[in-house]
Amino acid sequence: MEFTSLLIFICFATIYLQQTGTTEALSCHETDKAALLDFKSKITKDSSRLLSTWDQSTDCCTNWDGVACDPSTGRVVNLSRPGVFTGPDDAPWDTMLYGTISPSLGNLEFLRVLHLGNQKFLTGSIPSELGNLSHLTHLFLYHNRLNGTIPASFQNLRKLSRLLLGENRLSGSVPDFVFQDMSSLTFLDLSENLLSGEIPSSVGKLVSLQRLDFHGNNFSGSIPSTIGSLNDLVDINLSDNQLSGIIPVSIGELSKLDALDLSRNKLCGSIPSSLLELPSLRICRMSENKFTGSIPSFSVSSTVLQQLYLDNSMLTGELPDSISNLTSLQSLLLSNNRLTGTIPSSFGKLTSLGSLELARNGLSGPIPSELAELKYLQLLDVSFNPLNLVKLPTWLSKMTNLLRLYLAGTGLSGELPEWLTAMGLTYLDLSSNALAGELPRWIGNMSGLYSLNLSNNAFHSAIPVEIKNLVGVKELYFTRTNSPYTILDLSDNMFAGPIDENIGNMNAMQWIQTLMLSNNPFGGSIPKSLGKLTYLETLKLEKNRLMGAIPSELSNATFLKSIMLSKNKLTGGIPSSVVNLKWLQELDVSHNMLTGEIPPHNATIPAGSFEGNSGLCGSPLPPCSTA
């Protein structure tokens, strides 16, 4: 939205400059010229040459980039040097200025537009002299490094239509009187600063306001009820603050409101039903608060609401059947509350739904088969609810568009059904259940998987070699994302048989950073090929009945930070090259059958990491006997 607005104003400035070039115009006023040159003098670095045409010997109205004048008076009315603008090839150019904003800009007494937004490196405070610009309608200083407070003199900017100060380092409270007379203001952005104190009640005087964005500050206190009188409000974002108290009932009267974000505050009390029934509300995000009570029922039969985020909000009671009236709903996030009862079968009427997240509540089963009617559903998360599923519902196989399925901790048992291979899943989490039997060989046919989590079950078998076919997987609890981060977690199962000696040679393992195979009855030895995992940082092989020596080849995995080998049956000495890995921060070889002197090492490793090996000696254990 900001980028679109930016382009509009650049076009405005360009047209203005073109017009002044085709009509008889007065030369730039000397006062304005001096003010602009003083501004330039405070810029310490202009690597993009934004001000290169600003020269004492030329006319600022006709020759200076980014400056436009009133042709009848020669007074500067527009100064626009934004950090992103359209270049000659119609592509956006990203620029920056280093320095401070000169107080002399306050002498541009006829200025209407001041746009220095997105220059990234403008520092210092906002000059109070800008409050002298009584004709100013647009003030854009966003995405810089400006500090200090919002000048009290801004109360004089009575003609402002847009005030964008977001993404700076402004601090302190906002004086209540600042907005007292800004009846023309349509867009107010103070987001992502360090502002504190209460939101001034004078925002209720901004009768033309359409967009209010205060997110990412330290505002406290309650939301002013006066906001409910701003009948033209379309967008409110007060997220990521310290706001408390209840949601004002008056917000439920904002008939034009399109988007509301109150997430990550300390709001309490109940959610007004009138708010969720606003006729224009598409986006409602109120996650991570301290609401009490239940989700209000909806008396309306249809709505435009597309996103409803109420996760992490301490809500209680049952899921209201009336949610099914929200026929435009695309995302419903209710995870991490205290909801009880069953999932209403009427949710199958939410035909536009793409994401349904109900994890970590007290919901009981079954999952209604009517959800199979949700043809656009891509994410279903009902993890860690007492659903007592026992078996995976077969109707899930009909959901061919489902990409992410999370059923961790839902009471599943028995063996995995082969129809999972036909679903096209990219994320599958069945962890913390009682699944048993052999890990099936057909798991290697799930070629679209990015993430597979089967940890904390009761599988027993060797890990099938077909897992090497999961070349797209990047976290293997079993997973792969688009980033280089990789996890393989098969901990807390009953996998038997030795770990494949060639595990470090598998293509699917080449980006592994975290390998966790602890608490399985593998037996066998630690594969030497693990040293070929050049990105490996964490290796956990605890309680695996491993035997033989610690291979010195592990030291070839030079980025290793954590090596956990406790409670096995390892023998021999500790390789000096392993204990002296450059980045090693954590090593635990306790409760094995190791012998010999602990090699001198630089890492700080406590004695407890070596205990339980009767044949080990040397620092940090007692010294070896010289007898």
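Residues numbered from 1 in each chain as written. Predicted model: local features only at pLDDT ≥ 70, side-chain atom pairs only at ≥ 80, totals over all residues. Heavy atoms only, no water.

Going by an unreviewed UniProt entry, the chain carries the name Leucine-rich repeat-containing N-terminal plant-type domain-containing protein and comes from Papaver nudicaule. Among the UniProt annotations of the chain, the heading Subcellular location (unreviewed entry) holds the following wording: "Membrane". (UniProt positions renumbered as here; feature names shortened; annotations may be inferred.)

1. Quick notes on the pairing of strand E20 (residues 266-269)
Taken residue by residue, a regular strand's side chains alternate between the two faces of the sheet. The two faces of E20 differ: Leu267 and Gly269 on one face are buried, but Lys266 and Cys268 on the other face are not. Alignment of strand E18 (residues 242-245) against E20, held across 2 bridges, turns out to be parallel. Across the sheet, Gly245 pairs through a bridge with Leu267, a residue of E20. Pairing of E20 with strand E22 (residues 290-291) involves 2 bridges; the strand directions are parallel. Looking across to E22, one finds that Gly269 is bridged to Phe291. (Buried < 20%, exposed > 50% of the residue type's maximum accessible area, 1.4 Å probe, protein only. Helix = DSSP H or I, 4+ residues; strand = E, 2+ residues; numbered from the N terminus. Pairing = 2+ DSSP bridges.)

2. Looking at the sheet that holds strand E10 (residues 147-148)
Pairing within the open sheet is parallel, and its 7 strands lie in the order E10-E12-E14-E16-E18-E20-E22. Every interior strand has two partners, whereas the edge strands, E10 and E22, have only one. Inspection of the sheet shows strand E12 (residues 169-172) paired to strand E14 (residues 194-198) by 2 bridges, in the parallel sense. The residue of E14 that forms the bridge with Gly172 is Leu195.

3. Digging into the state of the cysteines
Put plainly, two cysteines are in a disulfide when a covalent bond ties their sulfur atoms together. All chains considered together, the criterion is met by 3 disulfides. Covalently, Cys28 is tied to Cys60 through a disulfide, its sulfur atoms 1.6 Å apart. Disulfide Cys28 to Cys60: torsion about the S-S bond roughly 80 degrees, handedness right-handed. Taken together, the residues Cys28 in the loop between helix H1 (2-22) and helix H2 (30-41) and Cys60 in helix H3 (residues 60-63) connect sequence positions 32 residues apart. There is no split in this pair, since Cys28 and Cys60 are both buried. Here Cys61 pairs with Cys69 through a disulfide, and the sulfurs are 2.0 Å apart. (Disulfide = S-S within 2.5 Å.)

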